[in-house]
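Listed here are the chains, written in short residue letters.
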Amino acid sequence: MIAGRSLPIYITIATVFATWFGSETVLGISSTFVDEGLGGIIGDPFGASLCLIVVGLFFARPLYRMKLLTIGDFYRHKYGRTVEVFVSLAICASYIGWVSAQIMALGLVFNVLSNGAISNETGMLIGMSAVLLYTIVGGMWSVAITDFLQMIVIVAGLIVISIYVGHEAGGAGIVIGHAIEAEKFSNFIPGLDFVAIISFIGALVTMMLGSVPQQDVFQRVMSAKDENTAMHGTVIGGCLYFIFAFLPVFIAYSAFVIDPAETGRIMAQDSQIVLPSLIMNHTPLVIQVMFFGALLSAIMSTASGTLLAPSVMFSENILRPMLPHFKDRQFLMLTRACVLGFAGIILLFAFRSDLSIYEIVEQCYKVTLAGAFVPLAFGIYWKRANTAGATLSIIFGVSTWLMLEYLAPEGALPAHLAGLLVGIVGMVIGGYIGKQPAERVTA
């Protein structure tokens, strides 16, 4: 589950970076930028990288000292079994869409590489089988080692490809200038419009805060060899993620300079294939090998970590208390069975989803933002945080989010942001009217 709490700093950095650097980074962010400009990718990479920095600076040390196996364990120790079960189920559910996005991307890659000979569905099955094999066999240890190797492939591949594609487009200045003329950067700063400011904040905090109470991030913190490694590795990994996330954006937008007519035709079909089509049609074989090697590495590293995370939480926080007689060997087999079961659920979701990769990933964090972040943050830093406050926070936050999603999905105040704010109110009310905890979890 946490690799024996033994990972050195360079492995910790790599596994933090590689877990987030997935299909949404290479295909999702780049295609969304091409469609909507910089304002469309506020959540990722801006919110995503800030999330890792926030975790490193404010959560890594106090959580590491508690010596927990899962993030769900925190909610049990602080608030009791009921809160643990609800939050664990919510976090597990949030991963279904995220991992599905990675599997959908694997299907897309195999389809493009085979010129349509391999269908998206068959490609998903091939990709999931590979990820499932080493995740079940080695758990967090195998995920960490493969993440380290995959990070090397990702970084080296994207640097070389960016240099080559930039040269073909006439230089980085030409590409950036073209994007500026097309007003791809003009919609990032919201200005003085209240609705635009609220929308900006809502998009930013979705991943910046909604991703904090997630098992995959927690696993990387807890797998480090000590708390300093946990803190520094997470912050450095987040900074590297932000820097390298813009390389796929640059490569994809170069297509508008290199072959505007063909790019326009592809945009009319699916903007997610602008980047792979550019590589397939306008680069030599060695660049193609480097790109798809980097892309597959990015997708598989994210898929393995995000497949393991909900499986571990479900077995540890939902099933294990029901099976106190299970010995370690039996529980290990149960956890592996959970990995297999989640893989099946994820495949079904991926086969049926019509959303884009970026949309799926962005939607995943709304439930944890509304129902899990406030109890975690207040549980660490507010001495009055108690079970009543956590319960009210979850009820208020999730019900507000769901109600507004149904009644006013396009309202001025984003539903998940409203859920966060109302969740804070619930925590404060419960903190003052509820029974104070006998033991406090503090930073």
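Here is what the cut-offs are and how they apply
Residues numbered from 1 in each chain as written. Predicted model: local features only at pLDDT ≥ 70, side-chain atom pairs only at ≥ 80, totals over all residues. Heavy atoms only, no water. Salt bridge = Lys/Arg side-chain N within 4 Å of Asp/Glu carboxyl O. Helix = DSSP H or I, 4+ residues; strand = E, 2+ residues; numbered from the N terminus. Buried < 20%, exposed > 50% of the residue type's maximum accessible area, 1.4 Å probe, protein only. Axes fitted to C-alpha atoms, helices over the stretch in contact; angles between N-to-C directions. Parallel < 35°, antiparallel > 145°, perpendicular 65-115°, else oblique. Left-handed = near helix turned anticlockwise from the far one by under 90°. Contact = heavy atoms within 4.5 Å. pLDDT = per-residue confidence, 0-100. Phe/Tyr/Trp six-rings, centres within 6.5 Å; stacked < 30°, edge-to-face > 60°. Disulfide = S-S within 2.5 Å.

### A word on the pattern of salt bridges
Where charged atoms from two side chains of opposite charge come close, those side chains can pair.
Argument step 1. For the structure on display, the rule yields 10 salt bridges.
Argument step 2. The residue Glu-227 makes a salt bridge to Arg-65 at a minimum N-O spacing of 3.1 Å. Of this pair, Glu-227 sits in helix H10 (residues 227–244) while Arg-65 sits in helix H3 (residues 42–65), and the two are 162 residues apart along the sequence.
Argument step 3. We classify Glu-227 as partly exposed; its relative accessible area is 22%.

### Digging into the packing of helix H4 (residues 71–79) against helix H5 (residues 81–113)
Argument step 1. Viewed as axis vectors pointing N to C, H4 and H5 meet at an angle of 160 degrees, and their least axial separation amounts to 8 Å. Relative to H5, the element H4 lies roughly antiparallel. In this structure, H4 crosses over H5, and the sense of that crossing is right-handed. Facing Ile-71, Gly-72, Asp-73, Tyr-75, Arg-76 and Tyr-79 of H4, the residues of H5 in contact are Val-83, Glu-84, Val-87, Ser-88 and Ile-91.

### Describing the confidence of the model for the protein chain
Argument step 1. Counting all residues, the mean pLDDT for the protein chain is 88, and 96% of those residues have values of 70 or more.
Argument step 2. Per-residue pLDDT, averaged within each element of the protein chain, yields its smallest value for helix H16 (residues 357–364) (62) and its largest for helix H18 (residues 373–381) (96).

### Looking at the packing of aromatic side chains
Argument step 1. In the structure shown here, the tally under the stated rule is 20 aromatic pairs.
Argument step 2. When the ring of Phe-46 is compared with that of Phe-246, the centres are 5.8 Å apart and the planes differ by 75 degrees; the resulting orientation is edge-to-face. Here Phe-46, found in helix H3, pairs with Phe-246, found in helix H11 (residues 246–258); they are 200 residues apart in sequence, far enough to count as distant.
Argument step 3. On the accessibility criterion, Phe-46 (16% relative accessible area) is buried.

### Concerning the state of the cysteines
Argument step 1. Enumeration over the complete set of coordinates arrives at 0 disulfides.
Argument step 2. No disulfide involves Cys-51; its nearest neighbouring cysteine sulfur is the one of Cys-239, lying 13 Å away.
Argument step 3. With a relative accessible area of 0%, Cys-51 lands in the buried category.
Argument step 4. A disulfide-free cysteine, Cys-92 has its sulfur positioned 8.8 Å from the sulfur of Cys-338, the nearest such atom.

### Quick notes on the environment of Ala-388
Argument step 1. Mapped onto the fold, Ala-388 is located in helix H19 (residues 387–407).
Argument step 2. On the basis of relative accessible area, Ala-388 is assigned to the partly exposed category, the value being 28%.
Argument step 3. The sequence separation of Ala-388 and Val-83 amounts to 305 residues, and the corresponding C-alpha distance is 9.9 Å.
Argument step 4. The residues contacting Ala-388, other than those within four sequence positions of it, are Gly-430 and Gly-434.

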